[in-house]
Amino acid sequence: MREAETGPFLRRMTLSDLPAAMEVDRRSLPKPWGERIWRDELTSPFGLYLALEQGDEVIGQIGVRSVLDEMHITTIAVLPEHRRRGHARALIWATLAAYPDARLVHLEVRPSNRTARRLYASLGFRETGRRPRYYGDEDAVLMTLDLSEGPSGGGR
Ligand SMILES: CC(C)(COP(=O)(O)OP(=O)(O)OC[C@H]1O[C@@H](n2cnc3c(N)ncnc32)[C@H](O)[C@@H]1OP(=O)(O)O)[C@@H](O)C(=O)NCCC(=O)NCCS
């Protein structure tokens, strides 16, 4: 089938996505989540996990947890062969659209992950702190998007 007939499209993830989620993670992140964490996240009533699907394959994913007017992006990844086509940006926009009352969006990122930091900065995220040894082998940079500041690269 041609690509246009098979996606990519976004949908909510379920527990049946566990193997695909772990595979995207494994191919994308230095410390992928284990099965137990993925199982807890995919079944949590407090989270939103979206898959970007093309053909029968999950090519990207994002996870968000939300409390009151604050969102926390817990994970985001796009398979290497599908990167630099705007998929990560689309995944973030989709979660923002799902929580129209959100005011602040937080996430942690490795200081060494320039690609991801550039992505977040392009959407209006600012560096707002550090979490020492968050990843064990590295600190985390805390980045925050303040949606009350008005329109930004975030698209709202
Ligand atoms: C970070 C990641 C999710 C980006 O996914 P992507 O689909 O390639 O990103 P997009 O195509 O939506 O890029 C959006 C913007 O991010 C920035 N960006 C993305 N990849 C970049 C790269 N390789 N170099 C420089 N800037 C980059 C650019 O500003 C880009 O906009 P542009 O293409 O108009 O210049 C992907 O590289 C990935 O999965 N990395 C491994 C997992 C990871 O690091 N997750 C984040 C953990 S905090």
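Above this note sits the structure.
Residues numbered from 1 in each chain as written. Predicted model: local features only at pLDDT ≥ 70, side-chain atom pairs only at ≥ 80, totals over all residues. Heavy atoms only, no water.

1. Regarding a positive patch on the surface
Judged by side-chain charge, Arg84, Arg89, Arg114 and Arg118 come together as a positively charged surface patch. Owing to a relative accessible area of 64%, Arg114 belongs among the exposed residues under this scheme. (Patch = residues over 30% accessible without salt bridge, like charges linked within 9 Å, V, L, I, M, F, W, Y side chains within 5 Å. Areas by Shrake-Rupley, 256 points an atom, 1.4 Å probe, with all protein chains shown as cover. Salt bridge = Lys/Arg side-chain N within 4 Å of Asp/Glu carboxyl O. Lys, Arg positive; Asp, Glu negative; His and termini not counted. Charge placed at Lys NZ, Arg CZ, Asp CG, Glu CD. Buried < 20%, exposed > 50% of the residue type's maximum accessible area, 1.4 Å probe, protein only.)

2. Observations regarding the pattern of salt bridges
Counted according to the given criterion, the structure contains 14 salt bridges. For the salt bridge of Arg11 with Glu53, the shortest nitrogen-to-oxygen distance reads 2.6 Å. One end of the pair, Arg11, is in strand β1 (residues 9–12); the other, Glu53, is in strand β2 (residues 47–54), with 42 residues separating them in the sequence. A residue is classified by how much of its surface remains accessible, and Arg11, at 23% relative accessible area, is partly exposed. In this structure Glu53 comes out as buried when scored by relative accessible area, which is 12%. Across the pair Glu23 and Arg26 runs a salt bridge, and its minimum N-O distance is 2.9 Å. On the criterion of helical spacing, the pair formed by Glu23 and Arg26 is a turn pair, its members being three residues apart in helix α2 (residues 18–26). The structure contains a network of salt bridges with shared partners spanning Lys31, Arg110, Asp137 and Glu138. (Helix = DSSP H or I, 4+ residues; strand = E, 2+ residues; numbered from the N terminus.)

3. With respect to the site of the ligand
Taken together, 21 residues are adjacent to the ligand, and Ile76, Val78, Arg84, Gly86 and Asn113 come closest. Contact distances for the ligand include 3.0 Å between an oxygen atom and a side-chain N or O atom of Arg89. Interatomic distance of 2.7 Å between a side-chain N/O atom of Asn113 and an oxygen atom of the ligand. Secondary-structure elements contributing two or more residues to the shell around the ligand are β4 (70–78), α4 (87–98), β5 (104–109) and α5 (114–122). Tallying contributions element by element places α5 first for the shell around the ligand, with six residues. Its residues assigned to classes, the shell around the ligand comprises nine nonpolar, six polar and six charged. (Near = heavy atom within 4 Å. Polar contact = N/O pair within 3.5 Å; in protein donor to acceptor, adjacent residues only side chain to side chain. Nonpolar A, V, L, I, M, F, W, Y, C, P; charged D, E, K, R; others polar.)

4. Some details on the sheet that holds strand β3 (residues 57–67)
Spatial ordering of the open sheet is given by β1-β2-β3-β4-β5-β7-β6, a layout of seven strands whose pairing is mixed. At either margin of the open sheet sits one strand with a lone partner, and together these are β1 and β6 (126–131). This sheet shows a mean twist of 25 degrees between the axes of neighbouring strands, independent of strand direction. As judged from the five bridges shared by β6 and strand β7 (residues 140–146), these two strands associate in the antiparallel manner. Bridge assignment links Gly129 to a residue of β7, and that residue is Leu142. Here α2 sits on the sheet in contact with β3 and β4, set at roughly 95 degrees to β3. (Pairing = 2+ DSSP bridges. Axes fitted to C-alpha atoms, helices over the stretch in contact; angles between N-to-C directions. Contact = heavy atoms within 4.5 Å.)

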